[in-house]
Amino acid sequence: MGTRGVEGAYQGALRAFQNPMLDLLHRTYAPFVVTVLAMMFTPERPTVAVPDAHTEIADALDRLRAAGYGDDGDQPLPAGNARDLCRQWVHAGWLVRQVTDDVEVYRLSAHGVGALEVAGRVGGARTRVSESRVRTLLEAVERLAQDADPDVMARMARLQTEIDQRRRELDRLERGGAIDAVADDQLLEAAENVLHLARELPADFARVAESIKAMQRDVVADLRQDVRPTGEVLREYLERGRQIMDTTPEGRAFAGALRLIGDPAQIDDLWNLLRTVLRHGFTDLMPEPQRRELAEIARRIEQGVKEVLAAQRQASHVITTQVRDHDPMRDRQVDELLREVMSGFHTWVPRSRRGTVVAPLRRLPVADVKQLRQTLSDLRPPTPPTPLREWDEAEDVPDADTRAWGGPQYAELHAHLAAFAGDADGVDVAAAFRAAAQQIRRPVDLLGLLEIAHGFGMTDTAEVAVVDAVRPDLTRRRLAFGGVLAANPATPRPADGAADERPGNDDE
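Since this is a predicted model, take the numbers as computed values, not measurements.

Looking at the overall build of the protein
Line of reasoning, step 1. Counting its regular elements, the protein contains 18 helices and six strands.
Line of reasoning, step 2. Within the protein, buried positions represent 27% of all 508 residues.
Line of reasoning, step 3. With an accessible surface of roughly 35200 Å², the protein has 56% of that area assigned to carbon and sulfur atoms.

Here it is as structure tokens:
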């Protein structure tokens, strides 16, 4: 072998082992990591709340240490608490920490899913060269050849041959022919092949979702940098989204699953076929985990598609929000401020010592505002209001007393109430209003009279008083209110002596 070939292959292997999936599998504590992640994350539980994950990992560590693991060199367990371990796994790319429905959760990354699948295949039943696997390969090659061959006559000949075979089989069954029974061993290895194919899907779905999120981060970064036009960035985003679905194996797997899940009849047929398989007697030879995994194939497909669609919706929402609220000048100012803060920290930290007192910032600096804008969008100066019309002395002055339409006449009302009360201790406000002159029997004067009575002290009665008020234009209004008895205004009050002209305003 050539030296260049060995060197290139070795460099390729080094790059492969830098992948987080292989990095997880060759770590010292890989058995513990694989065990815990496989137990926490299942098809029915794709995400785990952060507090629950920390509790379960801590419980697993305690149980294994109590059982004697971790003491010997060949059975190591990681040191540290569950929170630190999860932080390390997120940093290594095996877990993803995100917020779902206002709850912070962990989920497996695509590398974590792939590592668990590899560990499951190696630790479980060995993959065998069987009739089912060879048939799957031959059918895939045949379909590939048919799709690649543009010869119409060859395609027609193949279809005719298939029709003839199907017709002969149908005629044999109609004549009473029996269906050839398939041995349980063959059915069992066919089911294992189905499980092998289904195990590849979750990692593919996770890779598609992470590719969409990586695109989202790149697009948002390009928009914030404001180096290229927004339309160019968005066109590139749409083109990359199309390429992910068309040019990558994971994208094609997702596109096929989306076509399957988009037709309810097909997914119902898949559920019915799986139930038929599980009712067969050969499934008793399968371990319980394999039977459960076989029954959950359709659900895992639905779950993977939902995860990718959720990633697409989130990416669209984030990018739309960024385009709508993007302010390049503000972003540059924030970036400059953060760079100044980091520069200040780099200058201050080397000279600082433990226990050094740091002077707090008591007050934020005040912005130096030079000149505020006085106009918004109109560059023309504001026009003054229209000048008042000059009064012409020749014009007739109205004879009507405009004061008659004003507020209550407190002085006249106070004098009338005192005269109406005479020497009595109390006076009926309604009776006093009825006996008042027409000039002070307006609706507004009733309010003034009640105000005066309230200032001198009044007592409610159980009756409803009805009075007729006269407006300045001689129209009448009938008003009803709860009857009250007011104290005599002429009687001096002990606290302040004689009442002033405006009752209720004792400070005057």
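With respect to unusual backbone geometry
Line of reasoning, step 1. In the Ramachandran plot, Leu-474 falls in the positive-phi region, its phi being about 70° despite a non-glycine side chain.
Line of reasoning, step 2. Position of Leu-474 relative to the elements: it lies in the loop between β5 (458–470) and β6 (476–487).
Line of reasoning, step 3. Here Leu-474 falls in the exposed class, since its relative accessible area comes to 58%.

With respect to the pairing of strand β3 (residues 103–108)
Line of reasoning, step 1. The pairing of strand β1 (residues 47–49) with β3 spans three bridges and is classified as antiparallel. Note on β3: the bridge partner recorded for Thr-47 is Arg-107.
Line of reasoning, step 2. Counted along the chain from strand β2 (residues 95–100) to the antiparallel partner β3, the turn is two residues long, and its residue Asp-101 has a positive phi close to 55°.

Some points on helix α16 (residues 410–421)
Line of reasoning, step 1. With 12 residues, α16 extends 16 Å from end C-alpha to end C-alpha; this agrees with the ideal 16 Å at 1.5 Å per step.
Line of reasoning, step 2. Residues of α16 that are buried: Tyr-410, Leu-413, His-414, His-416, Leu-417 and Ala-421. Mapping the buried residues of α16 onto a view down its axis gives an arc of 165°, with all of them on the same face.
Line of reasoning, step 3. Structurally, α16 contributes buried residues whose contacts are with β4 (426–428), α17 (429–434) and α18 (443–456).
Line of reasoning, step 4. Gly-422, located one to two residues past α16, shows a positive phi value of around 65°.

Considerations on the packing of α16 against α18
Each pair of packed helices can be summarised by the angle the axes make with each other and by the distance between the axes.
Line of reasoning, step 1. Where α16 contacts α18, the two axes come as close as 10 Å, and the packing angle between them is 60°. It follows that α16 is oblique to α18 by the angle criterion. When the axes of α16 and α18 are compared, the crossing they make is right-handed. Note on element contacts: α18 touches α16 through Asp-445, Gly-448, Leu-449, Glu-451, Ile-452 and Phe-456, opposite Tyr-410, Leu-413, His-414 and Leu-417.
Line of reasoning, step 2. Among the residues making up the contact of α16 with α18, the classes are represented as six nonpolar, two polar and two charged.

Some points on the pairing of β2
Line of reasoning, step 1. Across six bridges, β2 lies against β3 in antiparallel orientation. Among the inter-strand pairings, Thr-100 is bridged to a residue of β3, identified as Val-103.

Section: the sheet that holds β5
Line of reasoning, step 1. Strand order in the open sheet formed by three strands is β4-β6-β5, with antiparallel pairing between adjacent strands. Bordering the open sheet on either side are β4 and β5, each of which pairs with just one other strand. This sheet shows a mean twist of 25° between the axes of neighbouring strands, independent of strand direction.
Line of reasoning, step 2. Taken together, the three bridges between β4 and β6 define a ladder with antiparallel strand orientation. In the strand pairing of β6, Val-427 is matched with Ala-486.

Things to note about the environment of Ala-38
Line of reasoning, step 1. Mapped onto the fold, Ala-38 is located in helix α3 (residues 30–40).
Line of reasoning, step 2. For Ala-38, a relative accessible area of 39% gives the class partly exposed.
Line of reasoning, step 3. With 75 residues separating them along the chain, Ala-38 and Val-113 place their C-alpha atoms 9.0 Å apart.

Considering the packing of helix α4 (residues 50–66) against helix α5 (residues 82–92)
Line of reasoning, step 1. Relative orientation of the contacting elements α4 and α5 amounts to 110°, with a least axis distance of 8 Å. Relative to α5, the element α4 is oriented roughly perpendicular. Pair α4 / α5 crosses with right-handed handedness. Across the interface between the two elements, His-54, Ile-57, Ala-58 and Leu-61 from α4 touch Ala-82, Arg-83, Leu-85, Cys-86 and Trp-89 from α5.
Line of reasoning, step 2. Tallied by class, residues from the contact of α4 with α5 come to seven nonpolar, one polar and one charged.

Remarks on the packing of aromatic side chains
Line of reasoning, step 1. A full pass over the atoms with the stated rule returns two aromatic pairs.
Line of reasoning, step 2. Measuring from ring centre to ring centre gives 6.5 Å for Phe-32 and Trp-89, while their planes differ by 50°; the resulting arrangement is tilted. In this pair, Phe-32 sits in helix α3 while Trp-89 sits in helix α5, placing the two residues 57 residues apart along the sequence. Taken individually, Phe-32 and Trp-89 each receive the classification buried, so the pair is uniform in this respect.
Line of reasoning, step 3. Relative to Trp-348, the ring of Phe-345 has its centre 6.5 Å away and its plane inclined at 65°; by these criteria the two rings are edge-to-face. You can see Phe-345 and its partner Trp-348 sitting in helix α15 (residues 328–348), three residues apart, about one turn around the helix.

A word on the pattern of salt bridges
Where charged atoms of side chains with opposite charge meet at close range, the side chains can pair.
Line of reasoning, step 1. Under the counting rule described, the total for this entry stands at 10 salt bridges.
Line of reasoning, step 2. In this structure, the salt-bridge partner of Arg-166 is Glu-162, at a minimum N-O distance of 3.9 Å. Taken as a pair, Arg-166 and Glu-162 lie in helix α8 (residues 152–174) at a separation of four residues, close to a single helical turn.
Line of reasoning, step 3. By relative accessible area, Arg-166 is classed as exposed at 61%.
Line of reasoning, step 4. When the shortest N-O distance is used, the salt bridge between Glu-169 and Arg-172 registers 2.9 Å. Taken together, the residues span about one helical turn, with Glu-169 and Arg-172 both in helix α8 at a distance of three residues.
Line of reasoning, step 5. Arg-172 gets classed as partly exposed once you look at its relative accessible area, which sits at 27%.

Here we look at α18
Line of reasoning, step 1. Here α18 spans 21 Å end to end across 14 residues, near enough to the 20 Å set by a 1.5 Å rise per residue.
Line of reasoning, step 2. Along α18, the residues that are buried comprise Asp-445, Leu-446, Gly-448, Leu-449, Ile-452, Ala-453, Gly-455 and Phe-456.
Line of reasoning, step 3. In this structure, the buried side of α18 is in contact with α16, α17, β5 and β6.
Line of reasoning, step 4. Phi turns positive, to about 100°, at Gly-457, one or two residues after α18.

Re the confidence of the model for the protein
Line of reasoning, step 1. Looking at the protein as a whole, its pLDDT mean stands at 75, while 71% of the residues score no less than 70.
Line of reasoning, step 2. Taking the mean pLDDT of every element in the protein, the minimum, 62, falls on helix α1 (residues 3–17) and the maximum, 90, on α18.
Line of reasoning, step 3. Throughout residues 122–129 the model reports pLDDT below 50, and contacts reaching past four residues in sequence, or to other chains, amount to seven contacts.
Line of reasoning, step 4. Low pLDDT (under 50) marks residues 495–508, which in the prediction has 21 contacts with non-local residues, meaning those over four places away or in another chain.

Thresholds, definitions, all that
Residues numbered from 1 in each chain as written. Predicted model: local features only at pLDDT ≥ 70, side-chain atom pairs only at ≥ 80, totals over all residues. Heavy atoms only, no water. Helix = DSSP H or I, 4+ residues; strand = E, 2+ residues; numbered from the N terminus. Buried < 20%, exposed > 50% of the residue type's maximum accessible area, 1.4 Å probe, protein only. Areas by Shrake-Rupley, 256 points an atom, 1.4 Å probe, with all protein chains shown as cover. Pairing = 2+ DSSP bridges. Expected span 1.5 Å × (residues − 1). Arc of directions from axis to C-beta. Contact = heavy atoms within 4.5 Å. Axes fitted to C-alpha atoms, helices over the stretch in contact; angles between N-to-C directions. Parallel < 35°, antiparallel > 145°, perpendicular 65-115°, else oblique. Left-handed = near helix turned anticlockwise from the far one by under 90°. Nonpolar A, V, L, I, M, F, W, Y, C, P; charged D, E, K, R; others polar. Phe/Tyr/Trp six-rings, centres within 6.5 Å; stacked < 30°, edge-to-face > 60°. Salt bridge = Lys/Arg side-chain N within 4 Å of Asp/Glu carboxyl O. pLDDT = per-residue confidence, 0-100.

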